[in-house]
Amino acid sequence: MKRDIISVLDMKNDFEKFVDDGIKLKKNFKTGKKDSSMDRKTLAMIFEKASTRTRVSFETAMTQLGGHAIYLSPRDMQMGRGETIADTGEVLSGMVDAILYRAFKHDNVVELAQNSSISVINGLDNLEHPTQIVADYMTIKEKKGKLKGLKIAYVGDGNNTANSLMLGAGLVGADFWIATPEGYEPPDHFVKAARSLARKHRSELEVTNNYKEAVAGADVIYTDVWVSMGEEQEREKKEKEFKSFQINEKMVSLAKRDYIFMHCLPAHRGLEVTNEVADSKNSVIFQEAENRLHAEKIILKKVIK
Ligand code: CP
């Protein structure tokens, strides 16, 4: 049976195994161990939106594992000229081994998966960013040696990355605090799902508009851009409303001394984070980005057999 990764919840039974296996695979790669598990396998990658990390990490992961990746932009494929998502799924299922899809709409990722006999991986949509979150928890575990019991403070927009990170916290038993300006909290159904996972692990989940409360004593401070792709018309309004949620030296002074700063990138320096924090010794943003490569490898190995 195929395995789609559309939500972090598609890894709910083995999420921490993805994290641990990703860390192991990274170590093996760094010591020069060969892995050709994607030999003669092909990944089709449909990107409706721009990408640096997701595209390069999946394409490189396929190359390093002995396989091949094809970059497809709707501008250059028939899907952009009216071919249905369903027909595209059927056609690609007859030719390649899995599909990575970065879409504006979550429903489109679901529709592609429903019409493909091969695995579909969500490369970010309006609701979730599951592949990012594997790399994020790998980074936290590498730096802190554990996940359960840590306090993760997400400060900023209750967006796709926040939703996935919150579900991930519920799965690993980390305490998760999300601080957003009023009106930008994560959707209720994500909070409900994450809360139910947190209850099982006896961990905390708090949604607040008070960033000081969220960051106080945090082990991890995480932020993302204030204006997601597709929301450009809201830029001016959001930049005003989010101003006091900037991660700066004053804010991080409330966290533990050995806190780590994370950002899925790209960062808009001077807006959601200052250079002083992004380039500080506590910042792990580039290790986090590098971990995308190893996270993608473990995801590919688990979905392409
Ligand atoms: N973090 C992330 O998904 O980066 P890209 O948009 O560059 O892929």
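This write-up is about the structure you can find in this document.

Quick notes on the sheet that holds strand β2 (residues 68-72)
(1) Moving on: Within the open sheet, the four strands sit side by side as β2-β1-β3-β4. Their pairing is parallel. Sheet topology places β2 and β4 (119-122) at the edges, where each strand pairs with a single neighbour. Averaged over all adjacent pairs, the angle separating strand axes in this sheet is 20 degrees, with direction ignored.
(2) Moving on: Summarising the sheet, strand β1 (residues 42-47) and strand β3 (residues 98-102) pair through five bridges and their orientation is parallel. Counted as the bridge partner of methionine 45 is leucine 100 from β3.

What to know about the site of the ligand
(1) Moving on: All residues adjacent to the ligand are Ser51, Thr52, Arg53, Thr54, Arg102, His129, Gln132, Cys264, Leu265 and Arg292.
(2) Moving on: Threonine 54 places a side-chain nitrogen or oxygen 2.7 Å from an oxygen atom of the ligand.
(3) Moving on: Summarising the interface, the protein chains cover 95% of the accessible area of the ligand, which totals 260 Å² for the free molecule.
(4) Moving on: For the shell around the ligand, the class distribution of residues is two nonpolar, five polar and three charged.

Focus: helix α12 (residues 285-303)
(1) Moving on: Spanning 19 residues, α12 covers 27 Å between terminal C-alpha atoms, matching the ideal 27 Å at 1.5 Å per step.
(2) Moving on: For α12, the principal kink sits at arginine 292 and spans about 30 degrees.
(3) Moving on: Most of α12 sits out of view: 14 of its 19 residues are buried.

Procedures and definitions
Residues numbered from 1 in each chain as written. Predicted model: local features only at pLDDT ≥ 70, side-chain atom pairs only at ≥ 80, totals over all residues. Heavy atoms only, no water. Pairing = 2+ DSSP bridges. Helix = DSSP H or I, 4+ residues; strand = E, 2+ residues; numbered from the N terminus. Axes fitted to C-alpha atoms, helices over the stretch in contact; angles between N-to-C directions. Near = heavy atom within 4 Å. Polar contact = N/O pair within 3.5 Å; in protein donor to acceptor, adjacent residues only side chain to side chain. Areas by Shrake-Rupley, 256 points an atom, 1.4 Å probe, with all protein chains shown as cover. Nonpolar A, V, L, I, M, F, W, Y, C, P; charged D, E, K, R; others polar. Expected span 1.5 Å × (residues − 1). Bend = angle between axes of the 7 residues up to and from the residue. Buried < 20%, exposed > 50% of the residue type's maximum accessible area, 1.4 Å probe, protein only.

Scope: geometric values only; no functional claims are made or implied.
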